Amino acid sequence: MEIYINDDLSLRTITLEDVEAVFALTDASRKHLKEWLPWLDYTKEVADTIAYIEGCIKGHEANNSLSLVILFKNEIVGIAGFNTIHPTNKIGTIGYWLSEGAQGHGIMTKTVKALLQYAFETLHLHKVEIRVAVGNEKSSAIPERLGFIKEGTLRAAEWLYDHYVDHVVYGMLLSEWQQQK
């Protein structure tokens with residue numbers, strides 16, 4: 001599956017063919033990503049990325065997640081998608097990360113906007129959430145810019161290497177998306 005955003009930017013379902021590029025990008029972005037993402041210590045070799053992608057494929061086949069590579073000028077610069085999709089409740093939770101060098105081009109805002117359109121128009125979800133660690137201002141700016149509602153804070157929601165971080169939960173309902181269009 002591919003989601004075209006513009007001539008320079010698109011999203012594509014992650015595959016095992018992406019393993020070398022995704023691992024190399026993860027490894028090169030390790031210091032930058034480690035500030036807010038808890039899984040870097042579990043991704044130390046290509047085999048770890050293979051296991052991750054295999055899990056992504058299984059989640060997609062089960063219709064309970066969707067992981068996509070972000071392609072900017074035909075190069076993988078990050079990952080985005082739905083960490084969880086709850087078909088019964090029609091709620092999806094968006095997650096994303098972007099290499100440091102790809103920031104500052106509006107890539108993630110455009111990516112999340114495209115994911116919202118896909119969520120509401122193709123998956124027919126009722127709600128989309130984004131959870132962001134308190135203090136992660138760059139990541140929080142994405143849902144705030146796109147009109148998500150700040151719904152609350154989950155205390156000690158994630159273990160980040162040596163401490164817990166709280167998460168701000170942002171949500172957007174289908175009706176709110178439709179009003180923006």
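Residues take numbers from 1 onward in each chain, read along the sequence in its written order. Note on the predicted model: pLDDT of at least 70 is required for a residue's local features to be given, and 80 or more for side-chain atom pairs to be given and counted; whole-chain, interface and lining totals, by contrast, use all residues. Where side-chain values are given, they derive from all heavy atoms of the structure, hydrogens and water being excluded.

Bringing the overall build of the protein into the picture now. Secondary structure summary: the protein contains 6 helices and 8 strands in total. Labels follow the DSSP assignment, with helices taken as runs of H or I lasting at least four residues and strands as runs of E lasting at least two, numbered in each case from the N terminus. Going from the N terminus to the C terminus, the protein shows its helices and strands as β-β-α-α-α-β-β-β-α-β-α-β-β-α. Taking the principal axes of its C-alpha atoms as reference, the protein extends roughly 45 × 40 × 35 Å. Each residue's exposure class comes from its accessible area (1.4 Å probe, protein chains only) as a fraction of the maximum for that residue type: buried when under 20%, exposed when over 50%, partly exposed otherwise. In the protein, buried positions account for 46% of the 181 residues. Nonlocal contacts in the protein, meaning residues at least 24 apart in sequence, comprise 60% of its contacts between residues at least 6 apart. Each accessible area is a Shrake-Rupley estimate made with a 1.4 Å probe; only the visible protein chains count as cover when residues are assessed. Total accessible area on the protein stands at roughly 9900 Å², and carbon and sulfur atoms take up 50% of it. Asp and Glu count as negative and Lys and Arg as positive, but His and the ends of the chain are not part of the count. For the purpose of locating charges, the reference atoms are NZ of Lys, CZ of Arg, CG of Asp and CD of Glu. The centroid of the 17 positive side-chain charges in the protein is displaced by 5 Å from the centroid of its 24 negative side-chain charges. Should any heavy atoms of two residues lie within 4.5 Å, those residues are considered in contact.

Site definitions follow a grid-based scheme: protein atoms alone, a 1 Å grid, a 1.4 Å probe that fits but cannot get out for cavities, and for pockets an open set with protein on both sides within 12 Å along at least five of seven lines, plus lining residues having an atom within 4 Å of a point. Grid points are joined across faces, edges and corners, and a volume is the space filled by probe spheres set on the points. In this model, the second largest pocket occupies a volume close to 150 Å³. Forming the boundary of the second largest pocket are His60, Asn63, Ser65, Leu66, Ile85, Pro87, Lys90, Tyr118, Leu123, His124 and Leu125. Each residue is assigned to one class: nonpolar for Ala, Val, Leu, Ile, Met, Phe, Trp, Tyr, Cys and Pro, charged for Asp, Glu, Lys and Arg, and polar for all the others, Gly among them. Counted by class, the lining of the second largest pocket contains 6 nonpolar, 4 polar and 1 charged residues.

Right, let's talk about the UniProt feature "domain: N-acetyltransferase" (unreviewed entry) in the protein for a bit. UniProt positions are given in the numbering used here, feature names are shortened, and annotations may be inferred rather than shown by experiment. Following the UniProt record, the feature "domain: N-acetyltransferase" (unreviewed entry) maps to residues 9–175 here. Regarding residues 9–175, the helix share stands at 34% and the strand share at 36%, and the terminal C-alpha atoms are separated by 27 Å.

What follows covers the environment of glycine 135. On the secondary structure map, glycine 135 appears in the loop between β6 (127–133) and α5 (137–145). For the pair formed by glycine 135 and tryptophan 36, sequence separation is 99 residues and the distance between their alpha carbons is 9.3 Å.

The pairing of strand β3 (residues 66–72) with strand β4 (residues 75–86) spans 7 bridges and is antiparallel. Bridge pairing in β4 places phenylalanine 72 opposite glutamate 75. The turn joining β3 and β4, which pair antiparallel and follow one another in sequence, is formed by 2 residues; a positive phi near 55 degrees is taken by lysine 73. Two strands are counted as paired when DSSP detects at least two bridges linking them. Sheet topology note: the β4/strand β5 (residues 91–98) ladder contains 8 bridges and is antiparallel.

A word on the pattern of salt bridges. By salt bridge we mean one thing: a side-chain nitrogen of Lys or Arg within 4 Å of a carboxyl oxygen of Asp or Glu. The final tally for this structure, using the stated rule, is 6 salt bridges. A salt bridge links arginine 30 to aspartate 27, with the shortest nitrogen-to-oxygen separation between them at 2.9 Å. On the accessibility criterion, aspartate 27 (40% relative accessible area) is partly exposed. Glutamate 129 serves as the salt-bridge partner of lysine 127, at 3.4 Å between the closest nitrogen and oxygen. The buried category is assigned to lysine 127, whose relative accessible area is 14%. The buried category is assigned to glutamate 129, whose relative accessible area is 9%. Bridged by salt links that share partners, the residues Lys127, Glu129, Arg131 and Glu151 form one connected network.

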